[in-house]
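The residues making up each chain are set out below.
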Amino acid sequence: MLDQIKGLHHVTSMAKDARQNNEFFTGKLGLRRVKKTVNFDAPDVYHLYYADEFGTPGSVMTYFPFPNIGKGRPGVGEVGTTVFAVPEGSLGYWRERLEKEGVAGLKTEISFGENRLVFEGPDGDGFALVEAKGDERAPWVKGGVPSDDAIRGFHSASLRLRDGGATEELLKFMGYENVDQSGNVKRLAVKDGNGANVIDIETLPGAAFADLGAGSVHHIAFAVENRAKQLEVRKALLDTGYHVTPVIDRDYFWAIYFRTPGGVLFEVATNEPGFDRDEDTAHLGETLKLPTQHAHLRDYLEKHLQPLGN
Ligand code: ZN
(Lines give C-alpha, C1' and ligand atoms only; values in the text may rest on other atoms or scores of the structure.)
Protein backbone atom coordinates (compact mmCIF):
# COMPACT_ATOMS: atom_id res chain seq x y z
CA MET A 1 0.00 0.00 0.00
CA LEU A 2 1.29 3.44 -0.97
CA ASP A 3 1.63 6.30 1.52
CA GLN A 4 2.63 9.16 -0.77
CA ILE A 5 -0.90 10.33 -1.65
CA LYS A 6 -2.27 13.03 0.71
CA GLY A 7 -5.84 13.54 -0.54
CA LEU A 8 -7.23 15.44 -3.51
CA HIS A 9 -5.09 18.00 -5.33
CA HIS A 10 -7.63 19.45 -7.79
CA VAL A 11 -10.86 18.64 -9.62
CA THR A 12 -11.12 19.63 -13.30
CA SER A 13 -14.47 20.06 -15.04
CA MET A 14 -16.00 21.27 -18.28
CA ALA A 15 -18.10 24.42 -18.68
CA LYS A 16 -19.85 26.24 -21.49
CA ASP A 17 -19.44 29.91 -20.59
CA ALA A 18 -16.22 31.30 -19.13
CA ARG A 19 -17.71 34.51 -17.76
CA GLN A 20 -20.62 32.73 -16.08
CA ASN A 21 -18.22 30.13 -14.69
CA ASN A 22 -15.92 32.80 -13.24
CA GLU A 23 -18.89 34.65 -11.70
CA PHE A 24 -20.22 31.47 -10.09
CA PHE A 25 -17.03 30.42 -8.34
CA THR A 26 -15.73 33.86 -7.37
CA GLY A 27 -19.03 35.72 -6.91
CA LYS A 28 -21.41 33.08 -5.56
CA LEU A 29 -19.04 30.65 -3.79
CA GLY A 30 -16.46 33.29 -2.81
CA LEU A 31 -13.42 31.35 -3.97
CA ARG A 32 -10.32 33.10 -5.27
CA ARG A 33 -9.38 32.82 -8.92
CA VAL A 34 -5.74 31.85 -8.52
CA LYS A 35 -4.85 31.41 -12.18
CA LYS A 36 -6.14 32.58 -15.55
CA THR A 37 -4.40 30.56 -18.23
CA VAL A 38 -5.27 28.42 -21.27
CA ASN A 39 -5.67 24.75 -22.08
CA PHE A 40 -2.30 23.25 -23.07
CA ASP A 41 -3.88 21.29 -25.95
CA ALA A 42 -6.42 23.93 -27.05
CA PRO A 43 -4.93 27.35 -26.28
CA ASP A 44 -8.01 29.23 -27.50
CA VAL A 45 -9.84 27.77 -24.46
CA TYR A 46 -9.28 29.11 -20.94
CA HIS A 47 -8.06 27.05 -18.03
CA LEU A 48 -9.47 28.77 -14.94
CA TYR A 49 -8.44 27.83 -11.39
CA TYR A 50 -10.46 28.69 -8.25
CA ALA A 51 -9.16 27.94 -4.76
CA ASP A 52 -8.14 29.40 -1.40
CA GLU A 53 -5.71 32.32 -1.14
CA PHE A 54 -2.68 30.35 -2.31
CA GLY A 55 -4.13 27.63 -4.52
CA THR A 56 -3.37 25.10 -1.81
CA PRO A 57 -3.66 21.50 -3.08
CA GLY A 58 -6.97 20.09 -1.86
CA SER A 59 -8.80 23.37 -2.57
CA VAL A 60 -8.33 23.80 -6.32
CA MET A 61 -11.37 23.62 -8.64
CA THR A 62 -10.41 24.08 -12.28
CA TYR A 63 -12.44 24.53 -15.47
CA PHE A 64 -12.12 24.31 -19.22
CA PRO A 65 -14.89 26.52 -20.64
CA PHE A 66 -15.56 25.36 -24.23
CA PRO A 67 -18.05 27.84 -25.79
CA ASN A 68 -19.58 25.29 -28.18
CA ILE A 69 -19.74 22.28 -25.89
CA GLY A 70 -23.03 20.42 -25.35
CA LYS A 71 -24.36 19.61 -21.93
CA GLY A 72 -22.95 16.52 -20.21
CA ARG A 73 -25.26 13.62 -19.41
CA PRO A 74 -24.80 12.28 -15.88
CA GLY A 75 -24.21 8.55 -15.51
CA VAL A 76 -21.74 6.00 -14.25
CA GLY A 77 -18.00 6.09 -14.94
CA GLU A 78 -17.57 9.65 -13.70
CA VAL A 79 -17.34 11.84 -10.62
CA GLY A 80 -20.85 12.40 -9.28
CA THR A 81 -20.55 15.10 -6.62
CA THR A 82 -17.67 17.39 -5.74
CA VAL A 83 -18.00 18.38 -2.09
CA PHE A 84 -16.53 21.45 -0.38
CA ALA A 85 -15.96 21.70 3.39
CA VAL A 86 -17.51 24.59 5.33
CA PRO A 87 -17.50 25.20 9.12
CA GLU A 88 -20.08 23.65 11.43
CA GLY A 89 -23.18 25.84 11.72
CA SER A 90 -22.65 27.64 8.41
CA LEU A 91 -25.16 25.86 6.18
CA GLY A 92 -27.99 28.25 7.13
CA TYR A 93 -25.90 31.12 5.80
CA TRP A 94 -25.11 29.20 2.64
CA ARG A 95 -28.70 28.14 1.96
CA GLU A 96 -29.87 31.74 2.20
CA ARG A 97 -26.96 33.03 0.11
CA LEU A 98 -27.34 30.47 -2.69
CA GLU A 99 -31.15 30.86 -2.73
CA LYS A 100 -30.74 34.62 -3.14
CA GLU A 101 -28.22 34.01 -5.95
CA GLY A 102 -30.71 31.78 -7.77
CA VAL A 103 -28.53 28.66 -7.55
CA ALA A 104 -30.37 25.54 -8.76
CA GLY A 105 -30.97 22.18 -7.09
CA LEU A 106 -30.69 23.32 -3.45
CA LYS A 107 -31.42 20.48 -1.05
CA THR A 108 -30.42 20.08 2.60
CA GLU A 109 -29.73 16.54 3.80
CA ILE A 110 -27.73 14.53 6.31
CA SER A 111 -25.02 12.33 4.86
CA PHE A 112 -22.72 10.14 6.98
CA GLY A 113 -23.90 12.08 10.04
CA GLU A 114 -22.92 15.46 8.57
CA ASN A 115 -25.20 18.30 7.39
CA ARG A 116 -24.91 18.77 3.66
CA LEU A 117 -26.30 21.31 1.20
CA VAL A 118 -26.55 19.93 -2.33
CA PHE A 119 -26.57 22.39 -5.26
CA GLU A 120 -25.86 22.61 -8.97
CA GLY A 121 -23.14 24.52 -10.79
CA PRO A 122 -23.91 26.71 -13.81
CA ASP A 123 -24.04 23.71 -16.17
CA GLY A 124 -25.81 21.35 -13.77
CA ASP A 125 -22.51 20.31 -12.14
CA GLY A 126 -23.04 18.16 -9.03
CA PHE A 127 -21.83 20.03 -5.93
CA ALA A 128 -22.40 20.00 -2.19
CA LEU A 129 -21.20 21.87 0.88
CA VAL A 130 -20.72 19.79 4.01
CA GLU A 131 -20.25 20.99 7.58
CA ALA A 132 -16.92 19.36 8.38
CA LYS A 133 -15.79 18.92 11.97
CA GLY A 134 -12.42 20.31 13.00
CA ASP A 135 -11.26 21.51 9.58
CA GLU A 136 -8.32 23.79 10.39
CA ARG A 137 -7.67 25.00 6.85
CA ALA A 138 -7.68 28.79 6.40
CA PRO A 139 -10.21 30.15 3.89
CA TRP A 140 -9.94 32.96 1.33
CA VAL A 141 -11.55 35.88 3.17
CA LYS A 142 -11.70 38.53 0.45
CA GLY A 143 -14.30 36.75 -1.68
CA GLY A 144 -17.36 38.28 -0.03
CA VAL A 145 -18.14 35.35 2.30
CA PRO A 146 -17.52 35.87 6.06
CA SER A 147 -14.52 33.91 7.31
CA ASP A 148 -16.75 31.95 9.74
CA ASP A 149 -18.68 30.56 6.76
CA ALA A 150 -16.17 30.48 3.89
CA ILE A 151 -15.18 27.32 2.02
CA ARG A 152 -12.10 25.59 3.49
CA GLY A 153 -11.28 23.43 0.49
CA PHE A 154 -12.57 20.11 -0.79
CA HIS A 155 -14.13 17.64 1.61
CA SER A 156 -14.53 14.78 -0.87
CA ALA A 157 -15.46 13.62 -4.31
CA SER A 158 -17.89 10.82 -5.07
CA LEU A 159 -17.36 8.35 -7.89
CA ARG A 160 -20.47 6.97 -9.60
CA LEU A 161 -19.69 3.46 -10.81
CA ARG A 162 -21.57 0.49 -12.21
CA ASP A 163 -19.28 -1.85 -10.26
CA GLY A 164 -17.14 -0.27 -7.54
CA GLY A 165 -15.03 -3.30 -6.63
CA ALA A 166 -11.91 -2.80 -8.74
CA THR A 167 -11.80 0.96 -8.10
CA GLU A 168 -12.11 0.34 -4.37
CA GLU A 169 -9.13 -2.03 -4.58
CA LEU A 170 -7.18 0.61 -6.52
CA LEU A 171 -7.93 3.29 -3.92
CA LYS A 172 -6.78 0.94 -1.14
CA PHE A 173 -3.57 0.37 -3.09
CA MET A 174 -3.21 4.17 -3.30
CA GLY A 175 -3.40 4.41 0.51
CA TYR A 176 -7.13 4.82 1.18
CA GLU A 177 -9.02 2.78 3.80
CA ASN A 178 -12.69 1.91 4.19
CA VAL A 179 -14.09 4.12 6.95
CA ASP A 180 -17.88 3.93 6.56
CA GLN A 181 -20.77 2.75 4.44
CA SER A 182 -24.31 4.06 3.89
CA GLY A 183 -26.69 2.25 1.52
CA ASN A 184 -24.93 1.88 -1.84
CA VAL A 185 -22.15 4.32 -0.91
CA LYS A 186 -18.78 3.18 0.48
CA ARG A 187 -16.62 5.84 2.09
CA LEU A 188 -12.83 5.66 1.90
CA ALA A 189 -10.33 8.07 3.42
CA VAL A 190 -6.59 8.61 3.45
CA LYS A 191 -4.79 9.10 6.79
CA ASP A 192 -2.75 12.26 7.46
CA GLY A 193 -4.07 13.93 4.32
CA ASN A 194 -4.34 17.59 3.36
CA GLY A 195 -7.99 17.86 4.48
CA ALA A 196 -9.55 16.72 1.19
CA ASN A 197 -9.19 13.17 2.44
CA VAL A 198 -12.42 11.39 1.46
CA ILE A 199 -13.57 9.49 -1.63
CA ASP A 200 -17.09 8.02 -1.76
CA ILE A 201 -17.89 5.18 -4.14
CA GLU A 202 -21.55 5.06 -5.17
CA THR A 203 -22.51 1.81 -6.90
CA LEU A 204 -25.34 1.93 -9.47
CA PRO A 205 -25.33 -1.46 -11.25
CA GLY A 206 -27.96 -0.80 -13.94
CA ALA A 207 -27.16 2.82 -14.76
CA ALA A 208 -26.10 4.15 -18.16
CA PHE A 209 -22.60 5.49 -18.74
CA ALA A 210 -22.08 9.25 -18.56
CA ASP A 211 -21.48 11.48 -21.59
CA LEU A 212 -18.81 14.10 -21.05
CA GLY A 213 -19.97 17.69 -21.60
CA ALA A 214 -20.57 20.98 -19.84
CA GLY A 215 -21.11 20.29 -16.14
CA SER A 216 -19.09 17.05 -16.19
CA VAL A 217 -15.94 16.44 -14.21
CA HIS A 218 -13.10 15.66 -16.63
CA HIS A 219 -10.73 14.18 -14.03
CA ILE A 220 -9.74 14.32 -10.39
CA ALA A 221 -6.17 14.73 -9.25
CA PHE A 222 -4.56 13.35 -6.09
CA ALA A 223 -1.80 15.22 -4.28
CA VAL A 224 1.78 14.11 -3.69
CA GLU A 225 4.40 16.32 -2.11
CA ASN A 226 7.01 16.34 -4.86
CA ARG A 227 8.32 14.76 -8.04
CA ALA A 228 10.24 12.02 -6.22
CA LYS A 229 7.04 10.79 -4.52
CA GLN A 230 5.23 11.04 -7.83
CA LEU A 231 7.78 8.76 -9.51
CA GLU A 232 7.35 6.22 -6.70
CA VAL A 233 3.57 6.24 -7.27
CA ARG A 234 4.02 6.02 -11.04
CA LYS A 235 6.33 3.01 -10.77
CA ALA A 236 3.99 1.22 -8.36
CA LEU A 237 1.00 1.77 -10.68
CA LEU A 238 2.96 0.59 -13.74
CA ASP A 239 4.16 -2.48 -11.84
CA THR A 240 0.50 -3.26 -10.99
CA GLY A 241 -0.47 -3.10 -14.66
CA TYR A 242 -1.95 0.39 -15.01
CA HIS A 243 -1.26 2.39 -18.16
CA VAL A 244 0.17 5.61 -16.78
CA THR A 245 1.28 8.60 -18.86
CA PRO A 246 4.81 9.96 -18.63
CA VAL A 247 5.29 12.88 -16.22
CA ILE A 248 3.86 16.05 -17.83
CA ASP A 249 4.81 19.62 -16.86
CA ARG A 250 1.61 21.58 -16.16
CA ASP A 251 3.50 24.75 -15.15
CA TYR A 252 2.01 24.86 -11.61
CA PHE A 253 2.41 21.13 -10.87
CA TRP A 254 3.69 17.96 -12.51
CA ALA A 255 1.06 15.47 -13.63
CA ILE A 256 0.61 11.79 -14.48
CA TYR A 257 -2.73 10.37 -15.64
CA PHE A 258 -4.32 6.93 -15.74
CA ARG A 259 -7.80 5.54 -16.42
CA THR A 260 -9.35 3.63 -13.52
CA PRO A 261 -11.28 0.35 -13.81
CA GLY A 262 -14.64 2.09 -13.31
CA GLY A 263 -13.95 4.61 -16.09
CA VAL A 264 -12.95 7.71 -14.10
CA LEU A 265 -9.73 9.48 -15.17
CA PHE A 266 -7.30 9.91 -12.26
CA GLU A 267 -4.30 12.20 -12.11
CA VAL A 268 -1.51 12.34 -9.54
CA ALA A 269 -0.18 15.91 -9.22
CA THR A 270 2.71 17.40 -7.24
CA ASN A 271 2.33 20.16 -4.65
CA GLU A 272 5.38 21.81 -6.24
CA PRO A 273 6.02 24.33 -7.74
CA GLY A 274 2.63 25.96 -6.99
CA PHE A 275 0.64 28.92 -8.32
CA ASP A 276 3.08 31.65 -7.24
CA ARG A 277 5.56 30.31 -9.76
CA ASP A 278 4.85 33.10 -12.25
CA GLU A 279 3.01 35.83 -10.26
CA ASP A 280 3.00 37.19 -6.71
CA THR A 281 0.53 35.70 -4.23
CA ALA A 282 -1.04 39.17 -3.87
CA HIS A 283 -1.99 39.18 -7.56
CA LEU A 284 -2.76 35.55 -8.35
CA GLY A 285 -5.19 35.03 -11.21
CA GLU A 286 -5.37 38.65 -12.32
CA THR A 287 -3.53 38.56 -15.65
CA LEU A 288 -3.55 36.03 -18.46
CA LYS A 289 -0.65 33.59 -18.05
CA LEU A 290 0.39 31.49 -21.05
CA PRO A 291 2.40 28.27 -21.21
CA THR A 292 5.76 28.95 -22.90
CA GLN A 293 4.80 27.13 -26.10
CA HIS A 294 1.72 29.36 -26.51
CA ALA A 295 3.36 32.68 -25.52
CA HIS A 296 3.52 33.78 -29.18
CA LEU A 297 -0.31 33.63 -29.32
CA ARG A 298 -0.78 36.33 -26.67
CA ASP A 299 -2.04 39.12 -28.95
CA TYR A 300 -4.53 36.81 -30.65
CA LEU A 301 -5.73 35.25 -27.38
CA GLU A 302 -6.15 38.57 -25.58
CA LYS A 303 -8.47 39.66 -28.40
CA HIS A 304 -10.39 36.41 -28.79
CA LEU A 305 -10.83 34.94 -25.31
CA GLN A 306 -14.10 36.03 -23.73
CA PRO A 307 -13.56 38.81 -21.15
CA LEU A 308 -14.31 37.42 -17.67
CA GLY A 309 -15.72 40.63 -16.24
CA ASN A 310 -13.45 40.73 -13.19
ZN1 ZN B 1 -5.58 17.94 -13.72
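Residues numbered from 1 in each chain as written. Predicted model: local features only at pLDDT ≥ 70, side-chain atom pairs only at ≥ 80, totals over all residues. Heavy atoms only, no water.

1. Some words on the sheet that holds strand 6 (residues 107-111)
This is how it is decided: The pairing criterion is simple: DSSP has to find at least two bridges between the two strands. Labels follow the DSSP assignment, with helices taken as runs of H or I lasting at least four residues and strands as runs of E lasting at least two, numbered in each case from the N terminus. Interaxial angle, 0 to 180 degrees, is taken between N-to-C directions of lines fitted to C-alpha atoms, where a helix line uses only the stretch in contact.
The strand order across the open sheet formed by 8 strands is 6-7-8-5-9-12-11-10, and the pairing between neighbours is mixed. Looking at which strands have only one partner, the edges of the open sheet turn out to be strand 6 and strand 10 (176-182). Across the sheet, the axes of successive neighbouring strands diverge by a mean angle of 25°, strand direction being ignored. Note that strand 6 and strand 7 (residues 114-120) share 5 bridges and pair antiparallel.

2. Overview of the sheet that holds strand 16 (residues 265-273)
Condition: Whether two residues are in contact is decided by their heavy atoms: any pair within 4.5 Å suffices.
The 8 strands lie next to each other as 2-3-4-1-13-16-15-14, forming an open sheet whose pairing is mixed. The open sheet terminates on both sides in strands that have one partner only, identified here as strand 2 (32-38) and strand 14 (248-249). One ladder, built from 3 bridges, connects strand 3 (residues 46-51) with strand 4 (residues 60-65); its direction is antiparallel. Looking across to strand 4, one finds that Y49 is bridged to T62. Contacting strand 1 (8-15), strand 2, strand 3 and strand 4, helix 1 (residues 18-28) crosses the sheet at an angle of about 5° to strand 3.

3. Focus on the side chain of T12
Rules: A 1.4 Å probe rolled over the protein chains alone gives each residue an accessible area, and that area as a share of the maximum for its type sets the label: buried under 20%, exposed over 50%, partly exposed in between. Two N or O atoms form a polar contact when they lie within 3.5 Å of each other; inside protein one atom must be a possible hydrogen donor and the other a possible acceptor, and for residues adjacent in sequence the pair counts only when both atoms belong to side chains.
Topologically, T12 is positioned in strand 1. Given a relative accessible area of 0%, T12 falls into the buried group. A distance of 2.7 Å separates the side chain of T12 from the side chain of T62, its partner in a polar contact. Residues contacting T12, with those up to four places away along its chain left out, are H47, T62, F64, V217, H218 and H219.

4. A few points about the pattern of salt bridges
Which entries qualify depends on this criterion: When a carboxyl oxygen of Asp or Glu lies within 4 Å of a side-chain nitrogen of Lys or Arg, that pair is called a salt bridge.
Enumeration according to the criterion identifies 17 salt bridges in this entry. A salt bridge links E279 to K35; the nearest nitrogen and oxygen atoms lie 2.8 Å apart. Remark: K35 occurs in strand 2 and E279 occurs in the loop between strand 16 and helix 5 (298-304); sequence separation between them is 244 residues. Judged on exposure class, the residue E279 and its partner K35 are both buried. With a shortest N-O distance of 3.6 Å, R187 and E114 are connected by a salt bridge. With R187 in strand 11 (residues 185-190) and E114 in strand 7, the pair connects residues that are 73 residues apart, well separated along the chain. Taking the relative accessible area as the measure of exposure, E114 reaches 13% and is therefore buried. Each of E168, E169, K172 and K186 takes part in a single network of salt bridges with overlapping partners.

The values are spatial; any link to function lies outside them.
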